[in-house]
Amino acid sequence: MSDQKYKALILDDEYPLGEILVTALNEHGVDSVAVTDVDSAIRKLEESAYDIVISDIYLPEKNGRDLFNYAQKRFPDLPFIFITGNPNLETAVDFLKRGAYDYLSKPFMLPDLIDKVHEVISKSRKKRIEKNILNDLKEIRSQRFKNLRIYEDIFASKRDGLLILDTEG
């Protein structure tokens, strides 16, 4: 396990389950907070950065799908694991197609969830690092093409001459 602390937001309308998950995840290096409704979860997401959301699907009033839709717009790289006491294959496939990392049926084994949380956070962080590196490379490439166009214009406008550049171009 890494020395780095991760942060998880848990949404489940069953308060005792949320507290059990908080305790278990805290013991395994994941600072966690549990809420029982979607509006509270949205407030938490706006107040602080999280590495993962563990969300029940079926809740009174707004449901886990509402939180997922909101988070996909505001925090598109935030990974989700869905948990439910009413498993439905069609719902599971829909969430996974739309970018959720996993879907677990209640009851589940805590060690399995903890392992899954660490796995998902690790994959998500690697994916974000790769995305940032790719964006940096695209920016470097764009700058190089701009410089190349400048040099092409200089060479095209002169028949002869000498151009001296430093290491920065």
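Here we summarise the structure given alongside this text. (Residues numbered from 1 in each chain as written. Predicted model: local features only at pLDDT ≥ 70, side-chain atom pairs only at ≥ 80, totals over all residues. Heavy atoms only, no water.)

Right, let's talk about the nonpolar core for a bit. Of all hydrophobic cores here, the largest spans 21 residues; its most connected members are Leu45, Leu67, Phe80 and Phe82. When contributions to this core are tallied by element, the ones reaching two or more residues are strand E1 (6–11), helix H2 (38–47), helix H3 (64–74), strand E4 (80–84) and helix H4 (89–97). Per element, the largest residue contribution to this core is four residues, and it comes from H2. Look past the residues within four positions of Leu67 in its chain and what remains in contact with it is Leu11, Val38, Ala41, Ile42, Leu45, Val53, Ser55 and Phe80. In terms of nonpolar packing, the next biggest core, distinct from the first, is built from 20 residues, Ala8, Ala24, Val30 and Leu104 among them. (Core = buried A, V, L, I, M, F, W, Y, C linked by side-chain atoms within 4.5 Å. Buried < 20%, exposed > 50% of the residue type's maximum accessible area, 1.4 Å probe, protein only. Helix = DSSP H or I, 4+ residues; strand = E, 2+ residues; numbered from the N terminus. Contact = heavy atoms within 4.5 Å.)

Before going further, it helps to spend a moment on unusual backbone geometry. Looking along the chain, the bond that leaves Lys106 and enters Pro107 is cis, with omega of -5 degrees. Among the structural elements, Pro107 can be located in the loop between strand E5 (102–105) and helix H5 (110–157). Look at Glu61: it is not a glycine, yet its phi comes out positive at around 60 degrees. Structurally, the position occupied by Glu61 is in the loop between strand E3 (52–56) and H3.

This paragraph deals with the pattern of salt bridges. Within the structure shown, the criterion is met by 13 salt bridges. Between Asp77 and Lys131 there is a salt bridge, with its nearest N and O atoms 3.4 Å apart. Of this pair, Asp77 sits in the loop between H3 and E4 while Lys131 sits in helix H5, and the two are 54 residues apart along the sequence. Using a relative accessible area of 34% as the deciding quantity, one classes Asp77 as partly exposed. (Salt bridge = Lys/Arg side-chain N within 4 Å of Asp/Glu carboxyl O.)

Relative to the helices and strands, Asp56 is located in strand E3. A relative accessible area of 3% means that Asp56 is categorised as buried. Polar contacts involving the side chain of Asp56 include one to the side chain of Lys106, which spans 3.2 Å. Those residues within four positions of Asp56 in sequence are excluded, and the remaining contacts are Leu11, Asp12, Asp13, Gly64, Phe82, Ile83, Thr84 and Lys106. (Polar contact = N/O pair within 3.5 Å; in protein donor to acceptor, adjacent residues only side chain to side chain.)

The geometry of helix H1 (residues 15–27) relative to H5 is characterised by a closest axis approach of 10 Å and an angle of 60 degrees between their N-to-C directions. The orientation of H1 with respect to H5, classified from their angle, is oblique. When you trace H1 past H5, the crossing you get is right-handed. Taking contact as the criterion, the partners of Ile20, Leu21, Ala24 and Leu25 in H1 are, on H5, Leu110, Leu113, Ile114 and Val117. Here the contact of H1 with H5 is built from residues that sort into eight nonpolar, no polar and no charged. (Axes fitted to C-alpha atoms, helices over the stretch in contact; angles between N-to-C directions. Parallel < 35°, antiparallel > 145°, perpendicular 65-115°, else oblique. Left-handed = near helix turned anticlockwise from the far one by under 90°. Nonpolar A, V, L, I, M, F, W, Y, C, P; charged D, E, K, R; others polar.)

Attention shifts here to the sheet that holds E1. Within the open sheet, the five strands sit side by side as E2-E1-E3-E4-E5. Their pairing is parallel. Looking at strand neighbours, the two that pair on one side only are strand E2 (30–35) and E5, the edges of this open sheet. Geometrically, the sheet is characterised by an average inter-axis angle of 20 degrees between neighbouring strands, direction not taken into account. The pairing of E3 with E4 spans four bridges and is classified as parallel. Following the sheet pairing, Ile54 is matched in E4 by Ile81. Taken strand by strand, H1 contacts E1, E2, E3 and E4, and its axis lies near 170 degrees from that of E2. Packed onto the sheet, H2 meets E1, E2 and E3 and runs at close to 160 degrees relative to E1. (Pairing = 2+ DSSP bridges.)

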